[in-house]
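Take a look at the letters that make up each chain.
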Amino acid sequence: MEVVFSYSRAQAIEDGVLIDAGVLAYEAGFRYSVALTAAAWNLCVAVPESCPWQDEQGRLWDVLNVLRVSARRRSSSAVAFSVLVQNDPSGPQLITLQAVCSPGDDLEPVITVMLPGED
């Protein structure tokens, strides 16, 4: 079968469609590369102007650790989990995310964190 179009994970990261969690994912205990969709990153990791006391690395650390704990309780390649995220001074809200472990560009296992409904 001839491939008509292919969009690699590396290209998605380069384009900003996916954002690599980088070394922090390995420090959080992941053995596979972890990336978040831009929508998940913007909602759960990027620090909003209304919360300048927060830190992007700290928010990413929280997402990764909740995912790690949730993934250890599952034996499937997909896991849903929820994190408390404060995006305004009124207080935190519970955000549901999903993570999928699938083959990467070179068929290595990779993890992608996204909002429900993204694929």
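Residues numbered from 1 in each chain as written. Predicted model: local features only at pLDDT ≥ 70, side-chain atom pairs only at ≥ 80, totals over all residues. Heavy atoms only, no water.

Novice: Any chance you could break down the pairing of strand S4 (residues 93–103) for me, citing the residues and the numbers?
Specialist: One ladder, built from 8 bridges, connects strand S3 (residues 78–85) with S4; its direction is antiparallel. Note on S4: the bridge partner recorded for Leu 84 is Leu 94. Relative to strand S5 (residues 109–114), S4 is paired through 6 bridges, and the arrangement is antiparallel. By the bridge assignment for S5, Ala 99 is matched with Val 113. Connecting the antiparallel pair S4 and S5 is a turn made up of 5 residues, with Leu 107 showing a positive phi of about 65°. (Pairing = 2+ DSSP bridges. Helix = DSSP H or I, 4+ residues; strand = E, 2+ residues; numbered from the N terminus.)

Novice: So what about helix H4 (residues 56–72)? Which residues, and what values?
Specialist: Helix length check: H4 (17 residues) gives 24 Å between terminal C-alpha atoms against 24 Å at 1.5 Å per residue, within 8%. Of the positions making up H4, those classed as buried are Arg 59, Leu 60, Val 63, Leu 64, Asn 65, Leu 67 and Ser 70. Among the structural elements, helix H2 (23–27), strand S2 (33–37), helix H3 (38–44), S3, S4 and S5 are those in contact with the buried residues of H4. Of the residues that open H4, the one with a side-chain oxygen 3.1 Å from the backbone nitrogen of Gln 57 is Asp 55. (Expected span 1.5 Å × (residues − 1). Buried < 20%, exposed > 50% of the residue type's maximum accessible area, 1.4 Å probe, protein only. Contact = heavy atoms within 4.5 Å. Polar contact = N/O pair within 3.5 Å; in protein donor to acceptor, adjacent residues only side chain to side chain.)

Novice: Outline the nonpolar core, listing residues and values.
Specialist: Formed by 26 residues in total, the largest nonpolar core has its most connected members in Leu 36, Leu 64 and Leu 97. Those residues in contact with Leu 64 that lie beyond four places of it in its chain are Ala 21, Leu 24, Ala 25, Ala 28, Phe 30 and Val 34. (Core = buried A, V, L, I, M, F, W, Y, C linked by side-chain atoms within 4.5 Å.)

Novice: Tell me about the state of the cysteines, and please be specific about residues and values.
Specialist: Inspection of the entire model under this criterion finds 0 disulfides. The closest cysteine sulfur to the non-disulfide-bonded Cys 44 is located on Cys 51, 13 Å from its own sulfur. (Disulfide = S-S within 2.5 Å.)

Novice: A description of the environment of Pro 48 should follow, citing residues and the corresponding values.
Specialist: Mapped onto the elements of the fold, Pro 48 is located in the loop between H3 and H4. C-alpha separation for the pair Pro 48 and Asp 88, spaced 40 residues apart in sequence, amounts to 7.4 Å. Apart from the residues lying within four places of it in its own chain, the contact partners of Pro 48 are Arg 59, Gln 86 and Asn 87.

Novice: Give me the lowdown on the side chain of Thr 112, citing residues and values where you can.
Specialist: On the secondary structure map, Thr 112 appears in strand S5. A polar contact is formed between the side chain of Thr 112 and the side chain of Arg 9, at a distance of 2.6 Å. Aside from chain neighbours lying at most four places away, what touches Thr 112 is Arg 9, Leu 18, Ala 35, Thr 37, Gln 98, Ala 99 and Val 100.

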